[in-house]
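Topology and contacts: notes
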Amino acid sequence: MTGRNPQGGGRSGGDGDGGGDGIRTFPFPVDRSVLGVGMQIAPMGPDRTWRADAPLDRVHRIDFHIVMLFDGGPVRHMVDFTEYEATAGDLLWIRPGQVHRFPPGGEYRGTVLAMQPGFLPRATVEATGLYRYDRQPLLRPDPAQLTALRAALGQLRREYEDTATLPLSLHTAVLRHSLTAFLLRLAHLAASSAEAAREPSGTTFTLFRDAVEHGFATNHSVSAYADALGYSRRTLVRAVRAATGETPKAFIDKRVILEAKRLLAHTDLPIGRVGAAVGFPDAANFSKFFQQHTDTTPAAFRAELR
């Protein structure tokens, strides 16, 4: 198969290193892009890799977006502690920073799209929900939706591979427009689910979500987020509940727990350092918080996965 994530999904180590959290993170493979543009599209195959030394059957992160449209299956793929089974006609959308793993020997057939976070303008990013980490990675379009998605993806691939018709600047602009058309269809599919349909059109939740992604490791206070964003606590509660069905505090805690699980499962950091990495300098307080939200201790959670 074939930037940094400006809005979230976990801290990146870059250059294939684990950074401070020990989870290996691979950057967008620019050298594999036609003309060096910020996206790639190609058939999936057995030689899929982000780089020569990347064992993809080991858990890792990427700092770019991946969308896979499957022509066969079933294939099981782990994304943030959930196993998803994809088959022909399904799409799997993995966002920057999500911990995932390819199964050993899995036969991936179809088309894969990779894109750098900064390749599209901010308005398109918001319209297409590129950083809606609360949405499910696995999408199952109906026949009409699938036909339209395949057509949009096919057009994008033709534009990507046509390097002779236009100068680079226009070629890149056309790619951005074609990519936007595909992603808008994909976003419509994602928004058709009952959970995503609750999302309001305003920006209050979007700003809160981004602020939490940047600050969850040090800030767990709803009032602090409300003050920083210039909203009353009541306004923030209404916006978050309308978008997710949860309170702001539950949304923050959910993000903290996800990162703690990632670090416990995929690194050898001592439990006290895991707690400190998600905003709990005191290991006992972290263990209590983790157990309240998962019904297990950090040590037991780690032991169960090893």
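Let me begin by describing the structure that accompanies this report.

Rules behind the numbers
Residues numbered from 1 in each chain as written. Predicted model: local features only at pLDDT ≥ 70, side-chain atom pairs only at ≥ 80, totals over all residues. Heavy atoms only, no water. Helix = DSSP H or I, 4+ residues; strand = E, 2+ residues; numbered from the N terminus. Buried < 20%, exposed > 50% of the residue type's maximum accessible area, 1.4 Å probe, protein only. Areas by Shrake-Rupley, 256 points an atom, 1.4 Å probe, with all protein chains shown as cover. Salt bridge = Lys/Arg side-chain N within 4 Å of Asp/Glu carboxyl O. Expected span 1.5 Å × (residues − 1). Axes fitted to C-alpha atoms, helices over the stretch in contact; angles between N-to-C directions. Parallel < 35°, antiparallel > 145°, perpendicular 65-115°, else oblique. Left-handed = near helix turned anticlockwise from the far one by under 90°. Contact = heavy atoms within 4.5 Å. Nonpolar A, V, L, I, M, F, W, Y, C, P; charged D, E, K, R; others polar. Phe/Tyr/Trp six-rings, centres within 6.5 Å; stacked < 30°, edge-to-face > 60°.

1. Thoughts on the overall build of the protein
Looking only at helices and strands, one finds 10 helices and 10 strands in the protein. Here the protein holds 306 residues, and the buried ones make up 50% of them. Taken as a whole, the protein presents about 13,600 Å² of accessible surface, with 53% of it coming from carbon and sulfur.

2. A short note on the pattern of salt bridges
In the structure shown here, the tally under the stated rule is 17 salt bridges. Close ionic contact of Arg209 with Asp210 constitutes a salt bridge, the shortest N to O distance being 3.2 Å. When sorted by exposure, Arg209 lands in the same class as Asp210, which is buried. Through salt bridges with shared partners, a single network forms among Arg61, Asp80, Glu213, Arg255, Glu259 and Arg262.

3. A closer look at helix H7 (residues 248-266)
Taking 1.5 Å as the rise per residue, H7 with 19 residues should run 27 Å; its terminal C-alpha atoms sit 27 Å apart, in good agreement. Counting buried positions along H7 gives 14 out of 19 residues, so the element sits mostly inside the fold.

4. What about the packing of helix H2 (residues 143-161) against helix H3 (residues 168-191)?
Remark: H2 packs on H3, axes separated minimally by 9 Å, with the N-to-C direction vectors making an angle of 165°. By the criterion of interaxial angle, the relationship of H2 to H3 is roughly antiparallel. As H2 runs across H3, the sense of the crossing is left-handed. Listed contacts from H3 to Gln145, Ala148, Leu149, Ala152, Leu153, Leu156, Glu159 and Tyr160 of H2 are His171, Val174, Leu175, Ser178, Leu179, Phe182, Arg185, Leu186, His188 and Leu189. Its residues assigned to classes, the contact of H2 with H3 comprises 12 nonpolar, four polar and two charged.

5. Description of unusual backbone geometry
Cis peptide bonds are those with omega within 30 degrees of zero, and the linkage from Gly73 to Pro74 qualifies with 5°. In this structure, Pro74 sits in the loop between strand S4 (65-70) and strand S5 (75-79). Despite not being glycine, Leu35 has its phi angle at roughly 60°, a positive value. Tracing the backbone through its elements, the reader meets Leu35 in the loop between strand S1 (25-26) and strand S2 (39-43).

6. Description of the environment of Leu184
Tracing the sequence through the fold places Leu184 in helix H3. Its relative accessible area of 40% is what places Leu184 among the partly exposed residues. Leu184 has contacts with Ala127 and Thr128, leaving out every residue within four places of it along the chain.

7. Structural notes on the packing of aromatic side chains
Overall, the coordinates contain 11 aromatic pairs when judged by the stated rule. With a centroid separation of 6.0 Å and an interplanar angle of 50°, the aromatic rings of Phe280 and Phe286 are classed as tilted. Residues Phe280 and Phe286 agree in their burial class; the two are buried. Judged by relative accessible area, which is 12%, Phe280 ranks as buried. Three or more aromatic residues joined by ring pairs make a cluster, and in this case those are Phe81, Phe280, Phe286, Phe289, Phe290 and Phe301.

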